[in-house]
Amino acid sequence: MISHALTVAAVLSRVRAATLSRPISSIVSIHTKGTIQTIGLRGSINEWDDARHGSFVQRVGGPAAISGTDGWNSHVAWHAEPSGLVRIDGGRSTRLQDIDQAYLDTYAYLRPSAAGARTAFLGERSEGGVAYDVVQVTPPGGSALQLWVDRKTSLIERVTGTIGMISSTTTLSDYRLVHGIAIPFQQATQSSSGNNSTEAVASVTINEPLATSFASPPRSDAHDYFISGGSSTTVPISLINNHIYLRVKLDGKGPYTFIFDTGGTYVVTPAVAAALGASAGGHAQIHGVGAGSETVQFAHVKRLQIGKATIANPDFLVLPIGQSFGVAEGFPIDGMIGYDVPARFLTTIDYAARTMTLAIPGGMTPQGSAVPFFFDGTIPRVPITIDGVRTDAELDTGNRGAFDLFSPFLASHPKIAAAATTSDAVNGFGVGGPAMGRLGRVDVGIGTFALDGVVAGFSTQHTGALADPFTPANIGGDLWRRFTLTLDYPDYRIFLKPNASYGTPFTYDRSGLFLINYHGGVMVLDARPGTPAAAAGLKKGDFILAVNGKAASAYTLAQLRALLSGAPGTAIRLHVRSGSADRDLTLTLRDYV
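Model, not experiment: these values are computed from the prediction.

(A) Molecular detail of the overall build of the chain. Secondary structure summary: the chain contains nine helices and 44 strands in total. Relative to the 2.2 N^0.38 estimate, which gives 25 Å for 593 residues, the radius of gyration of the chain is 27 Å and therefore close to what a compact globule would have. Dimensions along the principal axes, computed over C-alpha positions, put the chain at roughly 85 × 65 × 45 Å. Across the 593 residues that make up the chain, the buried fraction comes to 53%. Contacts in the chain between residues far apart in sequence, at least 24 positions, make up 59% of those at least 6 positions apart. Across the chain, the mean location of the 46 positive side-chain charges is 2 Å away from that of the 46 negative side-chain charges.

Written out as structure tokens, the structure is:
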């Protein structure tokens, strides 16, 4: 009987013979040029692969939504924007993607012992009348990849794999012999994210000279921003539902009301894009805290202004944010800004004074205690402790809660999971819809600061952002508002300076209701079991018509939430419509978490 290891070696030996008419050791570098079609946009692609060190640089040209340069030097992953802004990405997902890409694109699986990869023979498969031998290879430090080898040609016809929550299948076709290598000139990738792509090779050059440091991250040198008349500007902010809102101008029009989300991107509503005359193009699927996804397009804006600060030529996602995120906020929202602003300006959020200061890096000295972070994509992640367990968490001003624990982390930390004390219900709402979870309290450490009894969401999601297996936790606005927070993205650190709210107990809604604006009314999206709302008989789909004798429409959602977070024992009179029947009830507030 043939062992699995021998079977793998035999299959890869056949692949080697079909793919190479030259020794694998003679391939030092590969330079590929071609085109890429993705998210409804077309661009050029240039990739240089260093087979000696397992590194690469990939440059995409074309519309701003897809253009930029990605690099992997076998240790560090980085991304460079056309503006000159460079970000080092320490996220596990990006690292796995880059290790896998370098392994595949340098044909490392054809090297002796598959270049140290763990291997397994998964057997014979048949699809569409084609017989395959399927081999699994796991590059050192990478993820498991399935290579589907056509038994007739002995060429790899597809590669499948899963990283985090995203699975993909890449189909390889139109093999041509170039410099002694059979190269697929067509690649089509289907992704479970809904964002698919095709690549077509135009030319391949072998063994171009590459500098040893060619794949190392370049110096960040963004040149698309400035502050008029000085080195800093301070603007007022509004703090609503623990979210930061500010007024911005786009192409001289506005001001518009934007939410500030530390890890988010540029977003405008279709109405704002139309008012600017910014034509939308392309299409992509984006995912958020909910189980669903939403389709976005892309629009170019000539300038974004925040006070005296300007960023030139930003490109925005066009998304009806007011119809998704906005229904839980309860007032019109024109868009979002996020990562791109603090990536350029030293950004200080004074929650107590309700101001945001943007400064040219080096123009002012941050105040407070420094905490380092790393980027996972565009999201900063800070080191923390949760009930004494060391880990890290996303810094997210777009989360109105204090703290959220992700479901895979909870599954692997049952002692922390046991701190959840409530029933499962809606904890939040955003892109993709509602986020489900329980509630409890944990102790959180950030740098030198210890915050005890933090109200936390314990996610029960199996899909959506809160089911990400690579992310333990998320820190939101109800915790950050206890500090003056300075974001120093260029130096990968934040500064925390406690304000008067530091040390005050963490509280939570005392009704058990999750309310949204729906068809012009205030609707119950959920009533958590075991809470005053459930005891009063409130349920999903009920409309609240009046509160304490006053029309519910006279309140903002933020005002209603403040009322429902009042002192324990407070009695609140509600007039409610359930289906076609109206009724009056009294809700008595109490702590349940």
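(B) Broad picture of the pattern of salt bridges. Overall, the coordinates contain 21 salt bridges when judged by the stated rule. With a shortest N-O distance of 3.0 Å, D50 and R52 are connected by a salt bridge. Judged by its relative accessible area of 0%, D50 falls in the buried class. Residue classification places R52 among the partly exposed positions, given a relative accessible area of 46%. Here E157 and R158 are joined by a salt bridge, their closest N and O atoms 3.1 Å apart. Overlapping salt bridges bring together R14, E124, D133 and R151 as one network.

(C) Quick peek at the nonpolar core. Counting residues in hydrophobic clusters, the biggest one holds 74 residues, and the most contacted among them are F403 and L405. The dominant element in this core, judged by the number of residues it contributes, is strand β35 (residues 449–459), at six residues. Among all residues touching L405, those that are not within four sequence positions of it are I386, L410, I416, V442, A456, G457, F458, S459, P472 and A473. Counting residues in hydrophobic clusters, the runner-up holds 31 residues, among them V8, Y103, V137 and V204.

(D) Summary view of the sheet that holds strand β26 (residues 346–350). An order of β15-β27-β26-β37-β38-β28 is seen for the six strands of this open sheet, with the pairing classed as antiparallel. Strands at the two margins of the open sheet, each flanked by one partner only, are β15 (232–236) and β28 (369–372). Mean inter-strand twist for the sheet, computed between neighbouring axes without regard to direction, equals 20 degrees.

(E) The pairing of strand β18 (residues 253–260), seen in detail. Looking at chain direction, strand β17 (residues 243–250) and β18 are connected through six bridges and run antiparallel. Counterpart to I244 in the pairing with β18 is F260. Linking two consecutive strands that pair antiparallel, namely β17 and β18, is a turn of two residues; a positive phi of about 50 degrees is found at D251 within it. Sheet topology note: the β18/strand β25 (residues 335–337) ladder contains three bridges and is parallel. Each bridged residue has a counterpart across the sheet, and for F260 the counterpart in β25 is I337.

(F) Spatial organisation of the packing of aromatic side chains. Enumeration over the complete set of coordinates arrives at 18 aromatic pairs. Seen in terms of ring centroids, Y339 and F375 are 5.6 Å apart; in terms of plane orientation they differ by 85 degrees. Their pairing is edge-to-face. Taken together, the positions of Y339 in the loop between β25 and β26 and F375 in strand β29 (residues 374–376) put the pair 36 residues apart, joining distant regions of the chain. On the basis of relative accessible area, Y339 is assigned to the buried category, the value being 4%.

(G) Highlighting empty space enclosed by the protein. According to the stated counting rule, one finds one cavity of 30 Å³ or more in the structure shown. Here the largest cavity is characterised by a volume of approximately 30 Å³. Every residue along the wall of the largest cavity is listed here: L513, L515, I544, V547, L560, L564 and L574. Elements with a minimum of two residues in the lining of the largest cavity: β39 (513–518) and β41 (543–547). Looking at side-chain class alone, the lining of the largest cavity contains seven nonpolar, no polar and no charged residues.

(H) Region of the structure containing the pairing of strand β43 (residues 571–578). Residues I572, L574, V576 and S578 of β43 are buried on one face, while the alternating residues A571, R573, H575 and R577, pointing to the opposite face, are not. Bridge count for β41 against β43 is four bridges, and the pairing is antiparallel. Opposite V547, over in β43, you have L574 as the bridge partner. By the bridge criterion, eight bridges tie β43 to strand β44 (residues 581–588) in an arrangement that is antiparallel. Within β44, the position partnered with A571 by the bridge is T588. Turn length for the β43-β44 hairpin, with the two strands adjacent in sequence and antiparallel, is two residues, and the turn residue G579 shows positive phi of about 65 degrees.

(I) A look at unusual backbone geometry. The peptide bond linking G254 to P255 adopts the cis configuration, its omega dihedral lying at 10 degrees. One non-glycine residue, Y107, lies in the positive phi region at around 55 degrees. With respect to the element layout, Y107 can be found in the loop between α2 (92–105) and β7 (118–127). Look at A115: it is not a glycine, yet its phi comes out positive at around 55 degrees.

(J) Spotlight on the side chain of S67. Of note, S67 is situated in the loop between β3 (55–61) and β4 (68–72). Note on S67: relative accessible area 13%, which makes it buried. Residues in contact with S67, not counting those within four places in the same chain, are V60, G61, G62 and P82.

(K) Spatial organisation of the environment of R441. Relative to the assigned elements, R441 resides in strand β34 (residues 433–446). Along the sequence, R441 and F458 sit 17 residues apart, while their C-alpha atoms lie 9.5 Å from each other. Other than its neighbours up to four places away in sequence, R441 contacts A419, G453, V454, V455, F458, F506, T507 and V593. There is a polar contact of 3.4 Å between the side chain of R441 and the backbone oxygen of V593.

Thresholds applied
Residues numbered from 1 in each chain as written. Predicted model: local features only at pLDDT ≥ 70, side-chain atom pairs only at ≥ 80, totals over all residues. Heavy atoms only, no water. Helix = DSSP H or I, 4+ residues; strand = E, 2+ residues; numbered from the N terminus. Rg over C-alpha atoms; globule rule 2.2 N^0.38 Å. Buried < 20%, exposed > 50% of the residue type's maximum accessible area, 1.4 Å probe, protein only. Contact = heavy atoms within 4.5 Å. Lys, Arg positive; Asp, Glu negative; His and termini not counted. Charge placed at Lys NZ, Arg CZ, Asp CG, Glu CD. Salt bridge = Lys/Arg side-chain N within 4 Å of Asp/Glu carboxyl O. Core = buried A, V, L, I, M, F, W, Y, C linked by side-chain atoms within 4.5 Å. Pairing = 2+ DSSP bridges. Axes fitted to C-alpha atoms, helices over the stretch in contact; angles between N-to-C directions. Phe/Tyr/Trp six-rings, centres within 6.5 Å; stacked < 30°, edge-to-face > 60°. 1 Å grid on protein atoms, 1.4 Å probe; cavity = no way out; pocket = protein on both sides within 12 Å on 5 of 7 lines; lining within 4 Å. Points joined across faces, edges and corners; volume = space filled by probe spheres on them. Nonpolar A, V, L, I, M, F, W, Y, C, P; charged D, E, K, R; others polar. Polar contact = N/O pair within 3.5 Å; in protein donor to acceptor, adjacent residues only side chain to side chain.

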